Amino acid sequence: MKLYLDTGNIKEIEEINNWGVLSGVTTNPSLLSKEGGLNKDTIRNICDMVKGPVSVEVTSLTPEEMVSEALELKEISPYLVIKIPATVEGLKATRALSEKGIPVNMTLIFSPSQALLAAEAGARYVSPFVGRLDDTGIEALEVVQDIREIFDIGGYDTEIIFASVRHPSHVIRAARIGADIATIPYRVFTLLIKHPMTELGLKKFMQDWNNLNK
Ligand code: G3P
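Reading guide: rules and limits
Residues numbered from 1 in each chain as written. Predicted model: local features only at pLDDT ≥ 70, side-chain atom pairs only at ≥ 80, totals over all residues. Heavy atoms only, no water. Patch = residues over 30% accessible without salt bridge, like charges linked within 9 Å, V, L, I, M, F, W, Y side chains within 5 Å. Areas by Shrake-Rupley, 256 points an atom, 1.4 Å probe, with all protein chains shown as cover. Salt bridge = Lys/Arg side-chain N within 4 Å of Asp/Glu carboxyl O. Lys, Arg positive; Asp, Glu negative; His and termini not counted. Charge placed at Lys NZ, Arg CZ, Asp CG, Glu CD. Helix = DSSP H or I, 4+ residues; strand = E, 2+ residues; numbered from the N terminus. Buried < 20%, exposed > 50% of the residue type's maximum accessible area, 1.4 Å probe, protein only. Core = buried A, V, L, I, M, F, W, Y, C linked by side-chain atoms within 4.5 Å. Pairing = 2+ DSSP bridges. Right-handed = clockwise from strand over helix to strand, strands pointing away. Phe/Tyr/Trp six-rings, centres within 6.5 Å; stacked < 30°, edge-to-face > 60°. Lys NZ or Arg CZ within 6 Å of the ring centre and 35° of its normal.

What follows concerns a negative patch on the surface. A contiguous patch of negative charge on the surface is contributed by Asp 134, Glu 139, Glu 142, Asp 146 and Glu 149. Per element, the largest residue contribution to the negative patch is 3 residues, and it comes from helix α8 (residues 140-154). Position of Glu 142 relative to the elements: it lies in helix α8. Assessed through its relative accessible area of 47%, Glu 142 is described here as partly exposed.

Another aspect to go through is the nonpolar core. Judged by nonpolar contacts, the single largest core of 52 residues is most densely connected at Ile 82, Ile 84 and Phe 162. Counting residues per element, this core draws most heavily on α8, at 6 residues. By size, the runner-up hydrophobic cluster in this structure holds 5 residues, among which are Tyr 4, Tyr 125, Ile 161 and Ile 181.

Bringing the pairing of strand β6 (residues 125-128) into the picture now. Side chains of β6 alternate between two faces, with Tyr 125 and Ser 127 and Val 126 and Pro 128 buried alike. Two strands pair when backbone bridges link them, and strand β5 (residues 104-109) and β6 are joined in this way by 3 bridges, in the parallel orientation. When the bridges of β6 are listed, Asn 105 appears paired with Tyr 125. In this fold, β5 hands off to helix α6 (residues 112-120), which returns the chain to β6; that crossover is right-handed. Sheet analysis places β6 next to strand β7 (residues 159-162), joined by 2 bridges and oriented parallel. Looking at β7, one finds that Val 126 is bridged to Ile 160.

What follows deals with the packing of aromatic side chains. Two aromatic rings are characterised by how far apart their centres lie and by the angle between their planes. Overall, the coordinates contain 3 aromatic pairs when judged by the stated rule. The interplanar angle of 70° and the centroid separation of 5.7 Å between the aromatic rings of Phe 110 and Phe 129 together place this pair among those described as edge-to-face. Here Phe 110 is found in the loop between β5 and α6, whereas its partner Phe 129 is found in the loop between β6 and α7 (130-136), with 19 residues between them in sequence. Classification of Phe 129 by relative accessible area gives buried; the value is 7%. Cation over ring: Arg 124 sits above Tyr 125, and NZ or CZ is 5.4 Å from the ring centre.

What follows is the structure, encoded as structure tokens:
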């Protein structure tokens, strides 16, 4: 399973990119608004740094406007993936963009039927929002499992991005379910590598080694 960082913050991307495990980045309007909005130069720098898919969402609501916004965004970098919301208008825009060979990440997916329609419209990725589904009391992992099964049986090559990740066990569940990608916030990314027994073990190894060399 590939690991993406879910952020609009370039410092967070720089850091995790240096770990050697990062395959892509996802943003959304809320994340970019925390960084002061969409800055094309910043997005270009992120694409150049990560050298992998970077999802940026349209902020218009009609299919025509979504397509023209997407075409403008796509000028920024070949790595750019256009995030389109799972609405009827979004499906129309996805069809138009996929026919032009522009990769779409259909976002705000909360049901298998939305994912099926996204794949039929030609979306390259679907992003089920697991954490937000959990918040509603719905069995979010079953939704992602259903999407996996639908895509496998139907032979769709649309990739599943396990999104709205809240904790490390979401990432492990994503991998076990067979999600293609998990997009992970910075805080959760840093928790993935931490384990108290690793820290204690390393401390002891260093103490023993340093005692020998005294
Ligand atoms: O990738 C989707 C993500 O940005 C939404 O996450 O934490 O706002 O539910 P969250």
